Amino acid sequence: KKSKPQSSFDNDNREAGKYLTFRLDDTEFGIEILKVVEILKMMEITTVPMWPSFAKGTINLRGKVIPVVDLRMKFGLSQTEVTEHTCTIVLELGGAQIGVIVEAVNEVREIPKDQIEESPNIGGTVNSDFIKGMGKAEEHTIILLSLERILLSQGMDDIFGADLELDDAELAMV
């Protein structure tokens, strides 16, 4: 008897719940609302020499220094053009607060588990480990992100150093 090929979804990482949705280009993304600390209008960012170009610098939020990443640039797109809708989403990841710049925040959306599918596999060397799943909404999809995988990827450890540490339980969920 042939066994069916194992998919990365056999462990079922899909998580029903509330997601904060935001836009980059014309694509809608979602992140778990429980990781969101606050949403800020664009603030003055202090650049830090020798950081990668997607790491825009730091902000001073009520006396706490928080690194800020331009998510468009981290995804290989052009720098985010600042408009009245541009904002920084401050997240709590692995005990550290991190800001991500997005073009616009849309809404908080409840996505049931049966409305989340595995991300499509296009093969080759394309890394899509940072995608938790594809949320179905009306006539479009929402790419559900694992920000831990994005922010713990190559080039980010220089920025966060030892500040960003995930325990075994958090790593298992990534």
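Residues numbered from 1 in each chain as written. Predicted model: local features only at pLDDT ≥ 70, side-chain atom pairs only at ≥ 80, totals over all residues. Heavy atoms only, no water.

Participant: Quick one: what's the story with the confidence of the model for the protein chain, residue by residue and with numbers?
Facilitator: Mean pLDDT over the protein chain works out to 81, with 75% of the residues at or above the 70 mark. Model confidence for the protein chain, summarised as mean pLDDT per element, is weakest for helix H4 (residues 168-173) at 44 and strongest for strand E3 (residues 36-41) at 96. Scored below 50 in pLDDT, residues 1-11 shows eight contacts in the model against residues more than four places distant or in partner chains. Considering only residues more than four positions removed or in separate chains, one finds that residues 162-174, a stretch of pLDDT under 50, has 21 contacts. (pLDDT = per-residue confidence, 0-100. Helix = DSSP H or I, 4+ residues; strand = E, 2+ residues; numbered from the N terminus. Contact = heavy atoms within 4.5 Å.)

Participant: Before we move on, could you go through the nonpolar core and cite the residues and values that matter?
Facilitator: For soluble globular proteins, the rule of thumb is that nonpolar side chains tend to be buried together. The biggest cluster of nonpolar side chains holds 24 residues, and the ones touching the most others in it are Phe22, Ile31, Ile89, Leu91, Leu145, Leu147 and Leu151. Mapped by element, the contributors of at least two residues to this core are strand E1 (17-24), strand E2 (27-32), helix H1 (71-74), strand E6 (87-93), strand E7 (96-102), strand E11 (140-145) and helix H2 (147-151). Per-element accounting of this core gives the leading share, four residues, to E6. Among residues more than four places away in sequence, those in contact with Ile89 are Leu20, Phe22, Ile31, Val36, Glu38, Ile98, Gly99, Val100, Val102 and Val105. Grouped together as the second largest cluster of nonpolar side chains are seven residues, Ile59, Leu61, Ile66 and Val68 included. (Core = buried A, V, L, I, M, F, W, Y, C linked by side-chain atoms within 4.5 Å. Buried < 20%, exposed > 50% of the residue type's maximum accessible area, 1.4 Å probe, protein only.)

Participant: I'd like a description of the sheet that holds strand E9 (residues 116-117), backed by residues and values.
Facilitator: Taken in spatial order, the six strands of this open sheet run E8-E1-E2-E11-E10-E9, and their pairing is mixed. Looking at strand neighbours, the two that pair on one side only are strand E8 (104-111) and E9, the edges of this open sheet. In this sheet, E2 lies alongside E1 in antiparallel orientation, the contact comprising six bridges. Within E2, the position partnered with Phe22 by the bridge is Phe29. (Pairing = 2+ DSSP bridges.)

Participant: Which residues make up the environment of Thr88, and what are the values?
Facilitator: Structurally, Thr88 can be placed in strand E6. Spatially, the C-alpha atoms of Thr88 and Met42 are 6.2 Å apart, while their sequence positions differ by 46 residues. Those residues in contact with Thr88 that lie beyond four places of it in its chain are Glu38, Ile39, Leu40, Met42, Val68, Gly99, Val100 and Ile101.

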